[in-house]
8 protein chains.
Amino acid sequence: MKLDNIRKILNDVAGGKLSSDTAMKKLGSLSFEDIEFAKLDHHRALRTGVPEVIFAPGKTDRQIITICEHMQKAGSDILITRVGKSTFVKLKRKFKGIKYNEIAKIIYEPRDKKALVSNKIIAVVSAGTADMNVAEEAAITSEVFGARVERVYDIGIAGIHRLLAYQDRLCEASVVIVVAGMEGALASAVGGLVPAPVIAVPTSIGYGASFGGLAALLSMLNSCAPGVTVVNIDNGFGAAMAALKMVKIMERKSR
Amino acid sequence: MKLDNIRKILNDVAGGKLSSDTAMKKLGSLSFEDIEFAKLDHHRALRTGVPEVIFAPGKTDRQIITICEHMQKAGSDILITRVGKSTFVKLKRKFKGIKYNEIAKIIYEPRDKKALVSNKIIAVVSAGTADMNVAEEAAITSEVFGARVERVYDIGIAGIHRLLAYQDRLCEASVVIVVAGMEGALASAVGGLVPAPVIAVPTSIGYGASFGGLAALLSMLNSCAPGVTVVNIDNGFGAAMAALKMVKIMERKSR
Amino acid sequence: MKLDNIRKILNDVAGGKLSSDTAMKKLGSLSFEDIEFAKLDHHRALRTGVPEVIFAPGKTDRQIITICEHMQKAGSDILITRVGKSTFVKLKRKFKGIKYNEIAKIIYEPRDKKALVSNKIIAVVSAGTADMNVAEEAAITSEVFGARVERVYDIGIAGIHRLLAYQDRLCEASVVIVVAGMEGALASAVGGLVPAPVIAVPTSIGYGASFGGLAALLSMLNSCAPGVTVVNIDNGFGAAMAALKMVKIMERKSR
Amino acid sequence: MKLDNIRKILNDVAGGKLSSDTAMKKLGSLSFEDIEFAKLDHHRALRTGVPEVIFAPGKTDRQIITICEHMQKAGSDILITRVGKSTFVKLKRKFKGIKYNEIAKIIYEPRDKKALVSNKIIAVVSAGTADMNVAEEAAITSEVFGARVERVYDIGIAGIHRLLAYQDRLCEASVVIVVAGMEGALASAVGGLVPAPVIAVPTSIGYGASFGGLAALLSMLNSCAPGVTVVNIDNGFGAAMAALKMVKIMERKSR
Amino acid sequence: MKLDNIRKILNDVAGGKLSSDTAMKKLGSLSFEDIEFAKLDHHRALRTGVPEVIFAPGKTDRQIITICEHMQKAGSDILITRVGKSTFVKLKRKFKGIKYNEIAKIIYEPRDKKALVSNKIIAVVSAGTADMNVAEEAAITSEVFGARVERVYDIGIAGIHRLLAYQDRLCEASVVIVVAGMEGALASAVGGLVPAPVIAVPTSIGYGASFGGLAALLSMLNSCAPGVTVVNIDNGFGAAMAALKMVKIMERKSR
Amino acid sequence: MKLDNIRKILNDVAGGKLSSDTAMKKLGSLSFEDIEFAKLDHHRALRTGVPEVIFAPGKTDRQIITICEHMQKAGSDILITRVGKSTFVKLKRKFKGIKYNEIAKIIYEPRDKKALVSNKIIAVVSAGTADMNVAEEAAITSEVFGARVERVYDIGIAGIHRLLAYQDRLCEASVVIVVAGMEGALASAVGGLVPAPVIAVPTSIGYGASFGGLAALLSMLNSCAPGVTVVNIDNGFGAAMAALKMVKIMERKSR
Amino acid sequence: MKLDNIRKILNDVAGGKLSSDTAMKKLGSLSFEDIEFAKLDHHRALRTGVPEVIFAPGKTDRQIITICEHMQKAGSDILITRVGKSTFVKLKRKFKGIKYNEIAKIIYEPRDKKALVSNKIIAVVSAGTADMNVAEEAAITSEVFGARVERVYDIGIAGIHRLLAYQDRLCEASVVIVVAGMEGALASAVGGLVPAPVIAVPTSIGYGASFGGLAALLSMLNSCAPGVTVVNIDNGFGAAMAALKMVKIMERKSR
Amino acid sequence: MKLDNIRKILNDVAGGKLSSDTAMKKLGSLSFEDIEFAKLDHHRALRTGVPEVIFAPGKTDRQIITICEHMQKAGSDILITRVGKSTFVKLKRKFKGIKYNEIAKIIYEPRDKKALVSNKIIAVVSAGTADMNVAEEAAITSEVFGARVERVYDIGIAGIHRLLAYQDRLCEASVVIVVAGMEGALASAVGGLVPAPVIAVPTSIGYGASFGGLAALLSMLNSCAPGVTVVNIDNGFGAAMAALKMVKIMERKSR
């Protein structure tokens, strides 16, 4: 909770508009809801600009449905990541409007195209076809939360002319998400060509010594190109969240 | 080189304004300068919005001076990172205007305060006093290239009320750079409180099992908070470069 | 075996109450029972305050049943960890009173509520819903061996107000077990807020670079908060054992 | 800051004893002091039972002196860890009462022997003579903050009869800190012999494949003995802090 | 695209043979084909001497078939690595001439024996029978692209006389590919015996501390024998590609 | 091949007893047999005192049967490790005398009890019941090749009195194989108690931070006890081979 | 020793030209020389095409001089790597013709330019100025042993136009050695552009998470470009040896 | 202490020859001596066949001298490993007979040549000259404790004929210690050639990816040759201790 709210509550108490007991309750309960096995953070969107989403692994279908019911009641959008099709089939009965993307393994509520939160472009670039599920996790998450997305897939560094052919389009973007496995070198190549910040997503695609994406991760962290930052292995979702924060804050009136 | 330039050259050749020999030379030499042991990338600023800088480790003082001379001739600003004081003393004789920051270990040309490239704020936050040299590398680099910087140091997570006291100020920033060693948890805490994207910089500060910053690095990559991206261990410079790209692209007219 | 027992045996031998042959046998056999593939350590509870339990992985159902029979004969409580439901079904036929907890994957003999070994509170805190099976392993183990447990789940650091809302309750506890995956930062945040020692349990929940819990483990080992100690990844059982030793020794008359 | 304080402030505001402006300031400043490069957490002792201390690495002598001046003014005890003798010589001029322990590399203010915070015993056990500086860091820190300490050094597992000879004395302790490098097996052996919780401190002592203490760290985390928790490599200080929290909370009236 | 091509296009534009628009198109499209989820690099063979192949993992059968159709249209040979038999069965219906090698898990178009690109020999040596699938991936790939292959399997270093017996035959080869798991020492032994360069392929065969081939990989990278270079774990394909480039460039007229 | 043999062949050639062609053949073929996918090292027993065995992983049943046929023809004993029961069922039809041990996963030809190669004792000690399959791999291999084996299982260090009770029996052994997972401390404890050399076998048994046996491996390599050497994780077979070489060489006439 | 030599000796013995005693001596001593602390492998050049060189670390100046004396007597060229200037000063007195290269830290005997072993080109490419000492180790070693070398330094991937400008020259080479630290991506970019095999040399240049060159090493091993093989970190010498074997074998008459 | 001693004490107590008080003292003090910072294990030789030695790192000269005085009084031989020359100079004044070996960095009391504990041979083999200090640590330790040692240095696998030339001599040994850095392959080669057990000692000699000896360590642990066991990196001393236990137990009368 932001200090502005505390000040308002204090003023209300001082002005006699609020008892101190009610004030205590507000301080304690405004911000999250306790449903036994979870504490739902409904005002995260207010605080950080991006809403709470559901990370499915380790949760039972029952738990996911309960969380969705509470989120819907609280007026939050539903987005579930890393979720299997069988869970979607169950949820579909309760939550009519939801859709499922099999490549990205995401359940989401589609958004009206016109309701973009920003007309800045988030470019999602991938090195190979095998990186596509991670790239789509980033692209769909971005779209669900209202961003314009430009996809450019399979332009890995072994054929660098493919990347150069898209340089102009990439220069239009306000953020570029680069998804790459193996040696992850695409992030550096893009970072050296575009004015936008680059969010690099290492993937776990590769032979033995990729060690589940470690090679691409280290490669991206050591990028010699300026303005490259990195998220976790296969974390297309996290890249989208960072990109969304960037395009949203660009819309804020300058302070 | 961007395709726009190629098209212009092609048009000039087609229009007879340019011989194809001269065109070839332009294609080969416009963009960098060959000085034996280095190929200076003078038009990087044009391409990526951020200029080439000199990373000192592994370069002799003689090489650094030669590079500076060529950069100065090309009209580029001088910024040298990870550089010792003795090198500064030698350079000072040749390049009068330069300054040295001992904490950040940076040689730079100071910039006229009014010439800000953006009035967006880059907040630089550190977890402990021991992280200050990395934080200052980020802060000074940002300032040298024209950004407004807000410093908030030593607000690590062991006393979380310190962070909460600065929440409002951090919410003003357009980007927040979080510098932390040990368990690096500050990045997650900040990421959950502010609307701006967070660039996390792990530092090598810590006891044995920090393994030179690996603990903080992994912690930050696994952040449960939205919008946290990560750069290399102790890489305050890299964080500044990403932050600069962000605030600069915010100034661009929407496309 | 403690030296007190040796002295007693020596005195008995000196006083003619015991032949030296019988003394030898006592020295050799008092403390454990040899059942071919296992040596049951029946007097561990006496020595360390916590009884021997059965760690199921790598043992056949047949071996588990044999061990249970000998433990029951020796008057020890049965607690089996990391055990599947199918094993429970088989054991249930032989050992009527036992129960199974599916989340914690524990078989246990329920304990009469009044027979608490201590009225000190062990708080079990988790960062996310996905950490719940490890948290429950800790909570149930603590309860089976006679402790009072307070559960507070899903208060991870991305929404720090959730944790602050429970600060008072956590300050009541005599030990706090913090269960967290991903960046494991909750342990540091709790460590900075409560007077009780904190036992941190890293979990294997997370994206790629959590490396099976390594990220949370290193994060917790590097905690900047005072009084945080760490157990193995996903080792809710081990945390409970340490917490039990703490609350039990608090009950001991001061020496 | 604890919610109790917030309630008190709210009540005072409601009762007209406090203006809301003053209340805001209190909420912001009660708990720490801002001295440019550091935010001193003076009320940590109140909150967690253990005071803030100064971790010297990465801090200049000048910064350390400034911090000490503010801590002394705030009535906090001075304890500085990982600090060289030359710093002590400088500080000695300003802060008369301080002492230096060369083995533990600690600067501290000696405490009146009678003023023990608890008469519970913290046993500090080491495997070899080479582990002594870490063991002394734990022992001295414990003593400075008012605990009774029992030292038992060089009883490593290669001669297990040495450990057995001290079993009785170790059973008297309320907490046992076990300091060991190489294979770190002493923690398991002690954990199987005593009723007290064991805090294991891996040290960086060892041949090549100890990898700076990693071998002992992993060994201790995988301990098969009940009630063993672990702190960072060479972190004698952290072990003492956890032990202190334990003995202090034992003194608290049962709730 | 090579600069020669650019010069030719420039000259054509200058000579009026080509409009600048057509030139732009050529620069953009000559070199790859965009099929939604992939950008096929048809002229890779021209540029690097070795054609593009299909790495199956992470691609659906549908995607593989689409890529094959485009490659066939473009006149490229089909080679698919790490592919299951079920995919072969589906492809077989569309692409009559293809074959499947079960050990190497490769789908390929057989090549007319006489059409060797070089009569230099690529020797493929393996340490054990368990390394054979990787060795066959190297051997078959080499043969499909026109090389002469000599296989020598199961001559690991535990019986060094087996290797010595083949020394003469190995000395005939122009490149030797050494495939070995466990300690991977065979690469060093061969490197010390033959005049040809050795390409070492570590395999993931081994007990626990082989860590999925890491032991053999490090062993080969640290080879004390001259002229040993290394490819990724289990990467028989990569070794073949490097060997092919070597024998092909030997055929080039000296410059 | 040993130099003695070369000299003999040379002498025979010099004496006209042997043509140089026949000599060449002998030098090349005496020592192994080439069966396409394998080179059988029949005289390994002569050279190293221990025969060649078959490591099943990565070999097809067909290949295993072929190798067995050639080994039987050459008069070698059959021992197959890490082999499934289904393979045994197939082999049983061809090779009547063979047996299968399900715990050790070994196929072997039983040996007449009287035909011991040595009456020295190999003790096989395990820390826990879960380590038994590795311990049995060591024990059965030792017995098949003619050694006397003494088994002592489940005497891990958490109850050190169990180990002390067997000290006398362990002191009888000429070699002690210690099999332990988790922290692997048993090797050090045994190493400090017995005169025999200790071969330590780390197992992959343990919670998360055992990292597949790495913790026990490092622990054993860093043993502070004298005379402890280590083999690969879960490599009971390797430990047996080393132990067999030791007891066999003890039987050799002193030189 | 090659089997050809054995046959010749055998024939000589058979023909009475050689006693079997002399034959034995030849077999034992032809190939190396025993000088107490070293066994000099004089005929390595014959066997592998590249001569033995001296790796200085861990050797005393005295030992280096002794080895040089024996190598000179045997007619071998002297090349010493990783050697300090002070050693050169001492050697210079004894071995007049030698030279020292400070960047590469190599002592060598200069070679007559005309005496090239091949007119094939070895291109040595580096990503940054800081990689130059490793690049020079490769270049000088290649030249000393008779190769033509083409240097192209500082064309890292952050400014990819620099690399493209040299594409034509790199296409002339028969082998390309790519030296790069940080993310090591240059190897992949070059591998996708040239027909020659690429030998990648990772360097230890980089920030924290380069982990002493590990990042570049893994990146290069995972290269998505065809024909890239890798040598050890900073091993410019090893790359040169492999390149030399390649160009030498190209000169061999086809077999 | 062994159970035999306990029985004797018990019998003496039963027979009235010993009071139980005296018996208690004997049980507690027979076996080690407490000198404040160390507990000297004087009867280790009795128990394990090898005496306690002093590992110098982390001990002050003062502590080393004190330990030596007590060991001398107790009649134990002095052996100090990893010790600098300056310490030797100080000790020399007090302990006349001691000697110092600069390569092995060992202080020791020379032993009368005739007093061999066994005439079995311990062969110490090294791969390169740079491994000599570790090899000498093994050789000297073995000699000081009474073994016959055969040294064969610099016979690494890159010139395998050097190893073959010594095969006969190595076959004479009862134990072979193989010392090797880089890829450590020599251990496997020797293991496949000799009947004796092989103790492999990885050294930290190597380029970057040896990672301080990790490459050789893993290589040796994964040895495909029978009878190879491994000790810690650079641990020549540990190898000697294991070898000594082997040759000593060979001298024991068969049981």
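Residues numbered from 1 in each chain as written. Chains lettered and ligands numbered in written order. Predicted model: local features only at pLDDT ≥ 70, side-chain atom pairs only at ≥ 80, totals over all residues. Heavy atoms only, no water.

Draft legend 1. Seen up close, the interface of chain D and chain C. The interface of chain D with chain C comprises 45 residues on the first partner and 46 residues on the second. With both chains or domains summed, chain D and chain C bury close to 4,000 Å², and 51% of this area falls on carbon and sulfur atoms. Our enumeration of links across chain D and chain C arrives at zero salt bridges. Linking chain D to chain C there are 20 residue pairs in polar contact (both at pLDDT 80 or more). Going through the elements one at a time, α1 (3-14), α3 (44-48), α8 (167-172), α10 (214-221), β11 (228-230) and α11 (236-251) of chain D are the ones with two or more residues in the side of chain D that touches chain C. Across the side of chain D that touches chain C, the residue classes tally to 23 nonpolar, 11 polar and 11 charged. (Contact = heavy atoms within 4.5 Å. Buried area = accessible area lost by both parts, 1.4 Å probe. Salt bridge = Lys/Arg side-chain N within 4 Å of Asp/Glu carboxyl O. Polar contact = N/O pair within 3.5 Å; in protein donor to acceptor, adjacent residues only side chain to side chain. Helix = DSSP H or I, 4+ residues; strand = E, 2+ residues; numbered from the N terminus. Nonpolar A, V, L, I, M, F, W, Y, C, P; charged D, E, K, R; others polar.)

Draft legend 2. Quick peek at the domain arrangement of chain A. Residues and elements named next belong to chain A. Along its sequence, chain A is carved into domain 1 (8-108) and domain 2 (121-254). Taking the mean C-alpha position of each, domain 1 and domain 2 sit 28 Å from one another. With 13 residues of domain 1 in contact, the opposing surface of domain 2 contributes 15 residues. A buried area of about 1,300 Å², summed over both sides, lies between domain 1 and domain 2, and 73% of it is on carbon and sulfur atoms. On the domain 1 side of the contact with domain 2, Val50, Arg82 and Ile103 bury the most area, a combined 34% of that side's loss. (Domains from an automatic or database assignment.)

Draft legend 3. Spotlight on the relation of the copies chain D and chain C. By a simple turn and slide, chain D fits onto chain C: the slide is 0.0 Å along the axis, the RMSD is 0.1 Å, and the turn is 180 degrees. These values place the two chain copies in the arrangement generated by a two-fold rotation axis. A share of 100% of the interface residues of chain D reappears at the interface of chain C, consistent with the copies meeting face to face through the same patch. (Least-squares fit on C-alpha atoms with pLDDT ≥ 70 in both.)

Draft legend 4. Seen up close, the environment of leucine 91 of chain H. All names here are of chain H. The residue leucine 91 is located in helix α5 (residues 85-94) in this model. We classify leucine 91 as buried; its relative accessible area is 1%. The spatial distance from the C-alpha of leucine 91 to the C-alpha of leucine 18 is 41 Å, given a sequence separation of 73 residues. In contact with leucine 91, other than residues within four places in its own chain, are Ile64, Ile65, Cys68, Ile80 and Ile98. (Buried < 20%, exposed > 50% of the residue type's maximum accessible area, 1.4 Å probe, protein only.)

Draft legend 5. Representation of the relation of the copies chain B and chain A in the model. With an RMSD of 0.1 Å, chain B superimposes on chain A once it is rotated by 180 degrees and translated 0.0 Å along the axis. A share of 100% of the interface residues of chain B reappears at the interface of chain A, consistent with the copies meeting face to face through the same patch.

Draft legend 6. Expanded view of helix α5 (residues 85-94) of chain F. Residue and element names in this part refer to chain F. Of the positions making up α5, those classed as buried are Thr87, Phe88 and Leu91. Within α5, the buried residues cover an arc of 100 degrees as seen down the axis, which keeps them to one side. Of the exposed residues in α5, those oriented more than 90 degrees away from the buried face are Ser86 and Arg93. Close packing links the buried residues of α5 with α4 (61-73), β4 (79-81), β5 (99-101) and β6 (106-108). (Arc of directions from axis to C-beta.)

Draft legend 7. Examining the packing of aromatic side chains more closely. Residues and elements named next belong to chain E. Using the criterion set out here, one finds 16 aromatic pairs over all chains in the structure. Taking the centre distance of 5.3 Å and the plane angle of 20 degrees together, the rings of phenylalanine 88 and tyrosine 100 count as stacked. Placement of phenylalanine 88 in helix α5 (residues 85-94) and of tyrosine 100 in strand β5 (residues 99-101) is noted, with a sequence separation of 12 residues between them. Exposure class is identical for phenylalanine 88 and tyrosine 100. Each is buried. (Phe/Tyr/Trp six-rings, centres within 6.5 Å; stacked < 30°, edge-to-face > 60°.)

Draft legend 8. Focus on the sheet that holds strand β5 (residues 99-101) of chain B. Residue and element names in this part refer to chain B. Pairing is mixed across the open sheet formed by four strands, whose spatial order is β3-β4-β6-β5. Only two strands of the sheet have a single partner each, and these edge strands are β3 (54-55) and β5. Where strand β4 (residues 79-81) and strand β6 (residues 106-108) come together, two bridges link them in antiparallel fashion. From the neighbouring strand, leucine 79 faces β6, where its bridge partner is tyrosine 108. (Pairing = 2+ DSSP bridges.)

Draft legend 9. Here's a closer look at the interface of chain B and chain A. With 46 residues of chain B at the contact, the number on the chain A side is 46 residues. At the boundary of chain B with chain A, total buried surface from both sides reaches about 4,000 Å², with 51% on carbon and sulfur atoms. In this assembly, chain B and chain A are joined by zero salt bridges. At the level of elements, α1 (3-14), α3 (44-48), α7 (160-165), α8 (167-172), α10 (214-221), β11 (228-230) and α11 (236-251) of chain B are the ones that each hand at least two residues to the side of chain B that touches chain A. Of all the elements, α11 of chain B adds the most residues to the side of chain B that touches chain A, at six residues. Considering only residue class, the side of chain B that touches chain A consists of 24 nonpolar, 11 polar and 11 charged.

Draft legend 10. View of the packing of helix α6 (residues 132-144) of chain B against α11 of chain B. Residue and element names in this part refer to chain B. Where α6 contacts α11, the two axes come as close as 7 Å, and the packing angle between them is 35 degrees. The interaxial crossing formed by α6 with α11 has right-handed handedness. Contacts between α6 and α11 involve Val134, Glu137, Ala138, Thr141 and Ser142 from the former and Gly236, Phe237, Ala240, Met241 and Leu244 from the latter. For the contact of α6 with α11, the class distribution of residues is six nonpolar, three polar and one charged. (Axes fitted to C-alpha atoms, helices over the stretch in contact; angles between N-to-C directions. Left-handed = near helix turned anticlockwise from the far one by under 90°.)

Draft legend 11. Focus on the sheet that holds β5 of chain E. All names here are of chain E. Within the open sheet, the four strands sit side by side as β3-β4-β6-β5. Their pairing is mixed. Of all the strands in the sheet, just β3 (54-55) and β5 have a single pairing partner and so form its edges. Relative to strand β4 (residues 79-81), β3 is paired through two bridges, and the arrangement is parallel. What sits directly across from isoleucine 54, in β4, is isoleucine 80.

Draft legend 12. Broad picture of unusual backbone geometry. Residue and element names in this part refer to chain C. Phi at lysine 105 is positive, roughly 55 degrees, even though this residue is not glycine. Tracing the backbone shows lysine 105 in the loop between β5 (99-101) and β6 (106-108). Here methionine 182, not a glycine, exhibits a phi torsion of approximately 45 degrees, which is positive. Mapped onto the elements, methionine 182 comes out in the loop between β9 (175-180) and α9 (186-191).

Draft legend 13. Main features of the packing of helix α4 (residues 61-73) of chain H against α5 of chain H. Residue and element names in this part refer to chain H. The geometry of α4 relative to α5 is characterised by a closest axis approach of 11 Å and an angle of 35 degrees between their N-to-C directions. α5 is crossed by α4, and the crossing has right-handed handedness. Across from Asp61, Ile64, Ile65, Cys68 and Glu69 in α4, the residues of α5 making contact are Thr87, Lys90, Leu91 and Lys94. Per-class residue counts for the contact of α4 with α5 are four nonpolar, one polar and four charged.

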